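# An overview of the molecular structure
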Amino acid sequence: MVLLFLVMLVTAAGNTAMQSVMPSIGTALGVADVWISIAYTWSALLWVICAPIWARRSDRRGRKAMMAIGLAGFIASFALCGLVLMFGLAGLIPAAATLIFFAAARSLYGGFGSAAPPAVQAYVASRTPRSERTKAMALIASSFGLGTVIGPALAPLLIFPATGLVGPFFAFAAVGVAVLVALRLRLPNDAPSFAARGDVVAAPFSANSNPSVERDESDEGEAAGAAGEEAIDPETIPDLTWRDRRLRPWVIAGLLGGHAQAATLGIIGFFILDRLGLRSDPAAGTGPIGLILMCGAIATLLAQWGLIPMLRLGPRASTLWGMALAIVGVLGFSLAQDLHAIALGFAVASLGFGLYRPGFTAGASLAVTRKEQGQIGGIVASINGAAYVIAPAVGVWLYGHHQWIGFAAICLLCAAVFVLGWRSLDADAVLEGRALDDG
């Protein structure tokens, strides 16, 4: 479990550390902010395409092998990205070519790094009995969330004189190598005791990119027995589409809210440089950006691991309260003039998105039957991943025209989800009653 924990932790921490330094690197290169967003969101598109392929392949080729492929993709991507950016910052490569080579190197993570998370989940589920599976999956989920806090916290500390702003890339690539070696030497080969399949998850750009990681694979039916085998005949399961009447409001809410969150994450780093007057000294911006991203990640985890269980919020309530808080937070940090106020506003916005994302996920799951849970998991994962393909770049592009245009677009998306949720989403009592009837 320690090795599996580290696989998820390193990948999540590395990617959020990247978010902390890329705005400063883009400013130092002298390129428009939107091109930085386009360069690394390209990886998200490859993740959406490749993750389902690797998830299916892990059942045939072995989960340990897929974890190794995912880690190798992460290591190669970060090492090459660091080298390309170092040469670009040194003036050895033109800025435009630097971004092209960076996007190509980053694509290794989207294409191959996406093999690891589903394999980790399936490995855990296939080697734990039903009574222990929820605890084991919760531990894996915590590693993902913890990584989003650790990454921004460590990024400013990993900027060394010899490497400059690209230090975090090399540092996390080195940690990845250590984890890969330990994985190869110490992790037992696949010898599943229980049948299981890992969920396909979105790329780790935030603490709640992976909301369904705790799903208990053996919940498909009590008749599966201790072996956790499938109890439902696939031939009897109807095809589930995004256009299904039961699912349509939740799908729309997921797309709109997901794009609002992704655009917020795309803008925040550049906004901090502008509002704190750090464009002329981009290296000084990594500390404030990392601090604020860390505050946002902590607030997200507080919502998911604290407020939702404590207040027993249902899917509709979580979605509505989340969007309301997100609007308040976005308006708060957009009006802020100092680091403390920006951090507070971003934390409130992240708290809202942290309530919204699990609400949407749970609501979509409860809207369909037990037989359709496998299909809804794939649809939710696709929606979560799709938000990070174009939303960060579009958000930064709008922000580049005028700050208030970018923030207004985010608030309008959140308001649209709130209005849709108020009018169209099923009440929590109805969803819970449907779940009881289906169970």
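All residue numbers here refer to positions counted from 1 along the written sequence of the relevant chain. Residues qualify for local features only when their pLDDT is at least 70, as the model is predicted, and side-chain atom pairs are given and counted only at 80 or more; totals for whole chains, interfaces and linings, by contrast, use all residues. Computation of side-chain values covers all heavy atoms of the structure but excludes hydrogens and water.

The name that an unreviewed UniProt entry assigns to the chain is MFS transporter, with the source organism given as Pelagerythrobacter marinus.

Counting from the N terminus, the helices are the DSSP runs of H or I reaching at least four residues and the strands are the DSSP runs of E reaching at least two. Regarding its fold elements, the chain presents 14 helices and zero strands. Moving toward the C terminus, one meets the helices and strands of the chain in the order α-α-α-α-α-α-α-α-α-α-α-α-α-α. Taking all 439 residues of the chain together, 56% fall into the buried category. Should any heavy atoms of two residues lie within 4.5 Å, those residues are considered in contact. Long-range pairs, those at least 24 residues apart, make up 86% of the contacts in the chain with a sequence separation of at least 6. Total accessible area on the chain stands at roughly 17300 Å², and carbon and sulfur atoms take up 67% of it. Each residue is assigned to one of three classes by its accessible area relative to the maximum for its type, calculated with a 1.4 Å probe on protein chains only: buried under 20%, partly exposed between the two thresholds, exposed over 50%. Areas reported as accessible are Shrake-Rupley estimates using a 1.4 Å probe. Residue values count occlusion only from the protein chains shown.

On the surface, a cluster of positive charge is contributed by Arg56, Arg57, Arg60 and Arg61. As for its position among the elements, Arg61 is in helix 2 (residues 33-61). Patch membership is restricted to residues that have no salt bridge and whose relative accessible area is over 30%. Joining uses 9 Å for like charges and 5 Å for the nonpolar side chains Val, Leu, Ile, Met, Phe, Trp and Tyr. Any carboxyl oxygen of Asp or Glu within 4 Å of a side-chain nitrogen of Lys or Arg constitutes a salt bridge here. The charge count treats Lys and Arg as positive and Asp and Glu as negative. His and the chain ends do not count. A charged residue contributes its charge at one atom only: NZ of Lys, CZ of Arg, CG of Asp or CD of Glu.

What follows concerns helix 8 (residues 248-275). An expected span of 1.5 Å times one less than the residue number is assigned to each helix. The end-to-end C-alpha distance of helix 8, which contains 28 residues, comes to 39 Å, matching closely the 40 Å that a straight helix rising 1.5 Å per residue would cover. Two axes enter the bend calculation: one fitted to the seven residues ending at the residue in question, the other to the seven starting there, and the bend is the angle between them. Bending of helix 8 peaks at approximately 35 degrees at the position of Ile268. Immediately beyond the C-terminal end of helix 8, within one or two residues, lies Gly277, with a positive phi of roughly 65 degrees.

The next thing to look at is the side chain of Asp33. With respect to the secondary-structure elements, Asp33 resides in helix 2. Judged by relative accessible area, which is 16%, Asp33 ranks as buried. Any pair of nitrogen or oxygen atoms within 3.5 Å is treated as a polar contact; in protein, a donor-acceptor pairing is required on top of that, and neighbouring residues in sequence qualify only through side-chain atoms on both sides. Only 2.6 Å separates the side chain of Asp33 from the side chain of Arg279, close enough to count as a polar contact.

A full pass over the atoms with the stated rule returns two salt bridges. A salt bridge links Arg279 to Asp33; the shortest N-O distance between them is 2.6 Å. With a gap of 246 residues between them, Arg279 in the loop between helix 8 and helix 9 (286-311) and Asp33 in helix 2 connect regions that are remote in the sequence. In this structure Arg279 comes out as partly exposed when scored by relative accessible area, which is 26%.

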